[in-house]
Amino acid sequence: GVPEGSIMVVSAGRLSPEKGHKNLVEAISMLNGSAGRAVFVFCGDGALRKELEAHAARLSVDKQCRFVGFRKDINDIFKAMDLLVLPSLTEGLPNVVLEAFSNAKPVVATSVGGVPELVEDGVSGILVPSGRPGMLADAISKCLSSGDMRSAMGLAGYRKVSSEFTFDDQTRRLEGIYAEVLGLY
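In this report, the structure presented in the accompanying data block is examined. Fair warning: this is a prediction, and the values are worked out from it, not measured in the lab. (Residues numbered from 1 in each chain as written. Predicted model: local features only at pLDDT ≥ 70, side-chain atom pairs only at ≥ 80, totals over all residues. Heavy atoms only, no water.)

1. A closer look at the overall build of the protein chain
On a plain count of helices and strands, the protein chain comes out with 8 helices and 6 strands. Ordering the α and β elements of the protein chain from the N terminus gives β-α-β-α-β-α-β-α-β-α-β-α-α-α. The C-alpha radius of gyration computed for the protein chain amounts to 17 Å, which stays within 12% of the reference 16 Å derived for 185 residues, consistent with globular compactness. Overall, the C-alpha framework of the protein chain stretches about 60 × 35 × 30 Å when taken along its three principal axes. (Helix = DSSP H or I, 4+ residues; strand = E, 2+ residues; numbered from the N terminus. Rg over C-alpha atoms; globule rule 2.2 N^0.38 Å.)

Below is the structure:
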């Protein structure tokens, strides 16, 4: 349901309060036409789905939003998307950011939990404080306005995930933690 030539903005994750999707819907409403041909695709299911759909309708952005539920083809969606938005109020180290970077896609995210360890503000994406829909809207608008910026940020994210989050690298780090805990060093 995403028209050809659209800019596809994806948010992927459980539709629950801590994921901040309500703030994303509010941010979309604040774009005031600067979203242009952007379509916002919410991948995931959860207790808030119907509430988020109703909120989008109340704010008159339901035509820009697609609530597509849990998807088995998420990798295909990530390959096709132009931007990932992670509006979480709390996070650990989100795999969804690593997945976006592995597809050379930029990220707009809230600066919570381990997100700042992954997203370098202004380099591989844009970080904003959580719970601030206006700032989220500004960051999304900035990314929507420049395909060159999205490409450069996506490439920076790809380089980061390729150099710091390979299976071998993660294995070495985990072995180091085990060795330290067991007193082998």
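From this point, the narrative continues.
2. Observations regarding the side chain of lysine 19
Topologically, lysine 19 is positioned in the loop between β1 (7-12) and α1 (21-30). Separated by 2.8 Å, the side chains of lysine 19 and glutamate 91 make a polar contact. With near-sequence residues (within four places) excluded, lysine 19 lies in contact with Arg14, Pro87, Ser88, Leu89 and Glu91. (Polar contact = N/O pair within 3.5 Å; in protein donor to acceptor, adjacent residues only side chain to side chain. Contact = heavy atoms within 4.5 Å.)

3. Regarding the nonpolar core
Counting 31 residues, the largest nonpolar core has Phe40, Val108 and Ile140 as the members making the most contacts within it. Element by element, the count of residues in this core is highest for helix α6 (residues 133-144), at 6 residues. Ala12, Cys43, Val97 and Ala100 belong to the second largest nonpolar core, which has 25 residues in total. (Core = buried A, V, L, I, M, F, W, Y, C linked by side-chain atoms within 4.5 Å. Buried < 20%, exposed > 50% of the residue type's maximum accessible area, 1.4 Å probe, protein only.)

4. Focus on the packing of α6 against helix α7 (residues 147-164)
Remark: α6 packs on α7, axes separated minimally by 6 Å, with the N-to-C direction vectors making an angle of 100°. Put simply, α6 runs roughly perpendicular to α7. Residue-level inspection shows Lys142, Cys143 and Leu144 of α6 in contact with α7, the latter providing Met149, Arg150 and Met153. Along the lines of polarity and charge, the residues of the contact of α6 with α7 split into 4 nonpolar, no polar and 2 charged. (Axes fitted to C-alpha atoms, helices over the stretch in contact; angles between N-to-C directions. Parallel < 35°, antiparallel > 145°, perpendicular 65-115°, else oblique. Nonpolar A, V, L, I, M, F, W, Y, C, P; charged D, E, K, R; others polar.)

5. Comments concerning the packing of helix α4 (residues 95-102) against α7
Relative to each other, α4 and α7 sit at 110°, their axes nearing to 7 Å. With respect to α7, the axis of α4 lies roughly perpendicular. Judged by the twist between their axes, the crossing of α4 over α7 is left-handed. Contacts between α4 and α7 involve Leu98, Phe101 and Ser102 from the first element and Gly154, Gly157, Tyr158 and Val161 from the second. Looking at the contact of α4 with α7, its residues break down into 4 nonpolar, 3 polar and no charged. (Left-handed = near helix turned anticlockwise from the far one by under 90°.)

6. Notes on the pairing of strand β4 (residues 83-86)
A two-sided burial pattern is seen for β4, the buried positions comprising Leu83 and Val85 on one face and Leu84 and Leu86 on the other. Pairing between β1 and β4: 2 bridges, direction parallel. Along β4, the bridge assignment pairs valine 10 with leucine 84. With 3 bridges joining them, β4 and strand β5 (residues 107-110) adopt parallel strand pairing. (Pairing = 2+ DSSP bridges.)

7. Considerations on the sheet that holds β5
The 6 strands are arranged β3-β2-β1-β4-β5-β6 in an open sheet whose pairing can be described as parallel. Unpaired on one side and paired on the other, β3 (65-69) and β6 (125-128) mark the two borders of the sheet. The mean angle between the axes of side-by-side strands here comes to 20°, regardless of whether they run parallel or antiparallel. Here α4 sits on the sheet in contact with β1, β4 and β5, set at roughly 170° to β4.

8. Section: the pattern of salt bridges
By the definition in use, this model includes 6 salt bridges. With a closest N to O distance of 2.6 Å, glutamate 18 and arginine 14 form a salt bridge. Here arginine 14 falls in the partly exposed class, since its relative accessible area comes to 45%. Here aspartate 45 and arginine 49 are joined by a salt bridge, their closest N and O atoms 3.0 Å apart. Through salt bridges with shared partners, a single network forms among Asp45, Arg49 and Glu53. (Salt bridge = Lys/Arg side-chain N within 4 Å of Asp/Glu carboxyl O.)

9. A few points about unusual backbone geometry
In this structure, serine 60 is a non-glycine residue whose phi angle is positive, near 60°. Checked against the element boundaries, serine 60 lands in the loop between α2 (49-58) and β3. Even without being a glycine, alanine 104 presents a positive backbone phi close to 60°. For alanine 104, the location among the structural elements is in the loop between α4 and β5. Under the relative-accessibility criterion, alanine 104 is labelled partly exposed at 31%.

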